[in-house]
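For reference, the chains in residue letters:
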Amino acid sequence: MSLTTKVKLGLLATGIAAGVALPYLTSPFIIGIVTLALVFGLFAMSIDVLAGFGGLVTVGQAGIFAVAAYGVGYTATHLDGGHVLQVAVGLAAGIAISVIFAIMAMRTSGVYFLMVTLAQGMIVWGLAYRLAPITGAENGLRGILRPPAVSAYWTYYYLVLAIVALAGGLLWIVTRSPVGLALRGLRDGEDRLRMLGYNTAFHKAYVFVLSGLFATIAGILYVYLNQFISPAASEFATSGHGLLMAILGGTGTLVGPLIGAFVIVFAENMLSTYVERWTTLLGAVFVITILFARGGLVGMLSQAWPRVLARFGHPAASGDAGAGSPPGAALDGTAHATSNPHGITTEDDQRSSR
Amino acid sequence: MLSIENLRCAYGTAEILRGIDMDVHVGEVVALLGRNGMGKTSLVRSVAGTRPPVVSGGTIRWAGTDTTHAPSHERARLGMGLVPQGRHVFSSLTVHENLTVAARRRQNGWDLDEVYAFFPRLQERSRSRGRNLSGGEQQMLAIGRALMTNPQLLLMDEPSEGLAPAVIAQIRERIQQLKGSDIAVLLVEQNLGLALSVADRVYILGDEGRVAWHGQASELEADDDAQQRLLAV
């Protein structure tokens, strides 16, 4: 059984309230980290749309993210364009590269899709180093100022919070639309969709561009947050980080990648003060997640929830085995919360043992 | 009408079908029989456009259109619905989602309510995921999903495979109900009893990759020799 709608709405309201109240409660340093986590949360959500919902594991999303950021940076530093133009160029560049990448990747799936997106990410990374007149090579582009209205750290935080909330809401709607349904069908088998009349290559390209649009928005928010962009943003490690956030939080859930982003960004910024080899620690957490909690943190929580209910004597502590599990099966095909912490025999169990 | 002329198809260099001629008319159920490995599934996959095998010769015409080399999603849009061997339902989608993802509306055609009325069991299980269904329920779902596309040609590849007799009886009843509506059914079967009880006409594939026998179902029922020669194991 999953978290009930009431609980979900309660959590959402708490999250928004906490988000709004945060600048009054904590230091600029923490707000900076939270802002970064929100930006990466959106980035990881864009990866989750492809990898978690569609089973299309991308490792080149940082390419799109970086192209959008460079679009903003180049317009700001070389063309002296206003902020409207900067954002417009960033959006156009991100969408254009998404369309090109989508056309390259639309006829592949599985490990081939992964290899194509890997190559795409590497191409952008290579160009970021080589196209010095545009990207400033290793030095990157500096002095990309925020619009005056959001130049303060806390006003920019509110802007990012609002955009990420809005984008998250839009993605949630997309995943529940017929497009999202077909996307999840894609993960179970492309042939099955095709014989129902879906042009799956086109459908993949469409979702790829949609996902690229959200990576683009994340890239634009990222460059204004740091006021600086360098080839590091386009590295494979950035894509890998995004994927890791999605897996750690729980793929196929949207809220999982956001939670994963907070865990990893905070670990990166706080833990690194105390532990020298914090990346080793991160690696260990990742391995443990893959081995023992394939639904990620969100999957663990929805599994634990019936136990919490049972402890407080709530009667509705069991239900359909499948319905509550996050569809975290993208990377392994089998992972799902197995429903039944109490040994209560559900109808599903009876049927499968018949 | 589905009309297959001199169809040849191959897996790599191995030619499985070597000149098949076959017709299926709207309103009739045609059974395709034959021993294992004779190419029944290859024929259905060629008609549906699922690869492999690759069609190496001949033509497949459906409703006046040459669909021999059309991509499978275009064939589906032209009104072909496939109930694949092994069911292949979407395992992570619920029953309800499996059906709605397939929906293609047509005036007076199949919709969710009609499919649920056709298979009441699916309505009871509407919130369960495909992977949590029994074999019989998955088969009902595979048929229901194909009906949601409102096909005029229903290709059914061994719907009785691995099912309990009681469930097979139910599937038989449903195929009989489909008969006579404006739909053509091509049914691949190993289960001779099921095939004979629902089919109007029968084609039997022989070991040369050609049609070894065809005629009315009632003729085959009376023809022990053909049954022995072409179907007995």
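Residues numbered from 1 in each chain as written. Chains lettered and ligands numbered in written order. Predicted model: local features only at pLDDT ≥ 70, side-chain atom pairs only at ≥ 80, totals over all residues. Heavy atoms only, no water.

The name given to chain B in an unreviewed UniProt entry is ABC transporter ATP-binding protein, and the organism recorded there is Phytoactinopolyspora halophila.

Heads up, the rule is: UniProt positions are given in the numbering used here, feature names are shortened, and annotations may be inferred rather than shown by experiment.
Looking at an unreviewed UniProt entry, one finds chain A named Branched-chain amino acid ABC transporter permease and attributed to Phytoactinopolyspora halophila. Annotation of chain A in UniProt includes, under Subcellular location (unreviewed entry), the sentence "Cell membrane".

Describing the pairing of strand β2 (residues 14-24) of chain B
Formally: Only strands joined by at least two bridges in the DSSP assignment are considered to pair. Helix and strand assignments come from DSSP, with helices taken as H or I runs of at least 4 residues and strands as E runs of at least 2, each series counted from the N terminus.
Pairing of strand β1 (residues 2-11) of chain B with β2(B) involves 8 bridges; the strand directions are antiparallel. Within the sheet, the bridge partner assigned to B:Ile4 lies in β2(B) and is B:Met22.

A word on unusual backbone geometry
Residues and elements named next belong to chain B. Residues arginine 51 and proline 52 are joined by a peptide bond in cis, for which omega reads -15°. By secondary structure assignment, the location of proline 52 is in the loop between α1 (40-48) and β4 (54-62). The omega angle of the peptide bond from proline 52 to proline 53 is 5°, so this bond is cis rather than trans. A positive phi angle is found at arginine 87, which is not glycine, with a value near 70°. Locating arginine 87 in the fold gives a position in the loop between β6 (80-83) and α3 (95-100).

Focus: the UniProt feature "domain: ABC transporter" (unreviewed entry) in chain B
UniProt's feature table lists "domain: ABC transporter" (unreviewed entry) at residues 2-233 of chain B, given in the numbering used throughout. A helix fraction of 35% and a strand fraction of 27% characterise residues 2-233 of chain B, whose end C-alpha atoms lie 30 Å from each other.

Some details on the interface of chain A and chain B
Short version of the rule: Contacts between residues were defined by any pair of non-hydrogen atoms, one from each residue, lying within 4.5 Å. Computed with a 1.4 Å rolling probe, the buried area is the accessible surface lost when two parts are put together, summed over both parts. For this document, the term salt bridge refers to a Lys or Arg side-chain nitrogen within 4 Å of an Asp or Glu carboxyl oxygen. Whenever a nitrogen or oxygen atom comes within 3.5 Å of another N or O atom, the pair is scored as a polar contact, on the condition that within protein one atom can donate a hydrogen and the other can accept it, and that pairs from neighbouring residues in sequence are kept only if both atoms are in side chains. Three classes are used, and their members are as follows: Ala, Val, Leu, Ile, Met, Phe, Trp, Tyr, Cys and Pro are nonpolar, Asp, Glu, Lys and Arg are charged, and the others, Gly among them, are polar.
On the chain B side, the residues contacting the 26 residues of chain A number 30 residues. Across the chain A/chain B interface, buried area totals approximately 2,500 Å², and carbon plus sulfur atoms make up 49% of it. Of all residues in chain A, A:Arg192, A:Met195 and A:Leu196 bury the most surface against chain B, accounting for 27% of the area lost on that side. Between A:Arg184 and B:Glu97 there is a salt bridge; the shortest N-O distance is 2.9 Å. Here chain A is connected to chain B by 9 residue pairs in polar contact (both at pLDDT 80 or more). Contributions of two or more residues to the side of chain A that touches chain B are made by α8 (178-188), α9 (190-194) and α15 (347-352) of chain A. Element by element, the count of residues in the side of chain A that touches chain B is highest for α8(A), at 6 residues. Tallied by class, residues from the side of chain A that touches chain B come to 8 nonpolar, 7 polar and 11 charged.

Some thoughts on the sheet that holds strand β7 (residues 153-157) of chain B
Residue and element names in this part refer to chain B. Applied cut-off: Think of each axis as a best-fit line through the C-alpha atoms, taken over the contacting stretch in the case of a helix, with angles from 0 to 180 degrees between the N-to-C directions.
Here we have 6 strands laid out as an open sheet, ordered β6-β7-β8-β3-β9-β10, and mixed in their pairing. The strands lining the two open edges of the sheet, one partner per strand, are β6 and β10 (211-216). Sheet twist, expressed as the average angle between the axes of neighbouring strands with direction ignored, equals 15°. In terms of strand pairing, β6 meets β7 through 4 bridges, oriented parallel. Bridge assignment links leucine 82 to a residue of β7, and that residue is leucine 155. Docked against the sheet, α1 engages β3 (29-33), β6, β7, β8 (184-188) and β9 (201-205), running at close to 150° with respect to β7. Each of β6 and β7 touches helix α6 (residues 135-148); the most contacted strand, β6, lies at about 170° to it.

Looking at a nonpolar patch on the surface
Residue and element names in this part refer to chain A. Inclusion rule: By definition, no residue in a patch forms a salt bridge, and every one has over 30% relative accessible area; like charges are joined within 9 Å, nonpolar side chains (Val, Leu, Ile, Met, Phe, Trp, Tyr) within 5 Å. To be clear on the numbers: accessible area is Shrake-Rupley with a 1.4 Å probe, and residue cover counts the displayed protein chains and nothing else. With a 1.4 Å probe rolled over the protein chains alone, any residue whose accessible area is under 20% of its type maximum counts as buried; one over 50% counts as exposed, and the rest are partly exposed.
A cluster of nonpolar residues, Ile100, Met104, Ile123, Leu127, Leu131 and Ile134, forms a patch on the protein surface that exposes about 510 Å² of accessible area. Mapped by element, the contributors of at least two residues to the nonpolar patch are α4 (83-105) and α5 (110-130). With respect to the secondary-structure elements, isoleucine 123 resides in helix α5. Looking at isoleucine 123, the relative accessible area reads 44%, which means it is partly exposed.

Quick notes on the side chain of B:Lys40
Residues and elements named next belong to chain B. Test applied: The sign given to each residue is positive for Lys and Arg and negative for Asp and Glu; His and the chain ends receive no count.
Within the secondary structure, lysine 40 sits in helix α1. Nearest to the buried, unbridged lysine 40 among oppositely charged side chains is glutamate 158, at 4.7 Å. For lysine 40, the side chain forms a polar contact with the main-chain oxygen of glycine 34, separated by 2.9 Å. A distance of 3.2 Å separates a polar side-chain atom of lysine 40 from the backbone oxygen of arginine 35. Excluding residues within four positions of it along the chain, lysine 40 makes contact with Leu32, Leu33, Gly34, Arg35, Glu158, Val188, Glu189, Gln190 and Leu205.

Examining the packing of helix α1 (residues 5-25) of chain A against helix α7 (residues 153-176) of chain A
Residue and element names in this part refer to chain A. The condition that has to hold: Any angle that falls under 35 degrees is termed roughly parallel, while one over 145 is termed roughly antiparallel, one within 65 to 115 roughly perpendicular, and all others oblique.
Interaxial distance between α1 and α7 falls to 10 Å at its minimum, and their mutual angle equals 170°. Overall, the two elements α1 and α7 adopt an arrangement that is roughly antiparallel. Of the residues in α7, those touching α1 at Gly19, Val20, Leu22, Pro23 and Tyr24 are Trp154, Tyr157, Tyr158 and Leu161. Its residues placed into classes, the contact of α1 with α7 shows 8 nonpolar, 1 polar and no charged.

Digging into the confidence of the model for chain A
The condition is simple: Summary of the metric used: pLDDT quantifies the predictor's per-residue confidence within the range 0 to 100.
The share of residues in chain A with pLDDT of 70 or more is 87%, and the mean pLDDT across the chain is 86. With pLDDT under 50 throughout, residues 317-354 of chain A is counted as low confidence; its partners more than four residues away or in other chains account for 73 contacts.

Quick word on the domain arrangement of chain B
Residue and element names in this part refer to chain B. The condition that has to hold: Residue ranges for the domains originate in an automatic or database domain assignment.
According to the domain assignment, chain B consists of domain 1 (2-79 + 152-231) and domain 2 (88-150). On a C-alpha basis, the centroid separation for the pair domain 1 and domain 2 is 23 Å. At the interface, 16 residues of domain 1 touch 13 residues of domain 2. Applying the counting rule to domain 1 against domain 2 returns 0 salt bridges. Where domain 1 touches domain 2, the interface holds 2 residue pairs in polar contact (both at pLDDT 80 or more). Looking at the side of domain 1 that touches domain 2, the elements with two or more residues in it are α2 (72-77), β7 and α7 (165-178). Per-element accounting of the side of domain 1 that touches domain 2 gives the leading share, 6 residues, to α7. Per-class residue counts for the side of domain 1 that touches domain 2 are 9 nonpolar, 3 polar and 4 charged.

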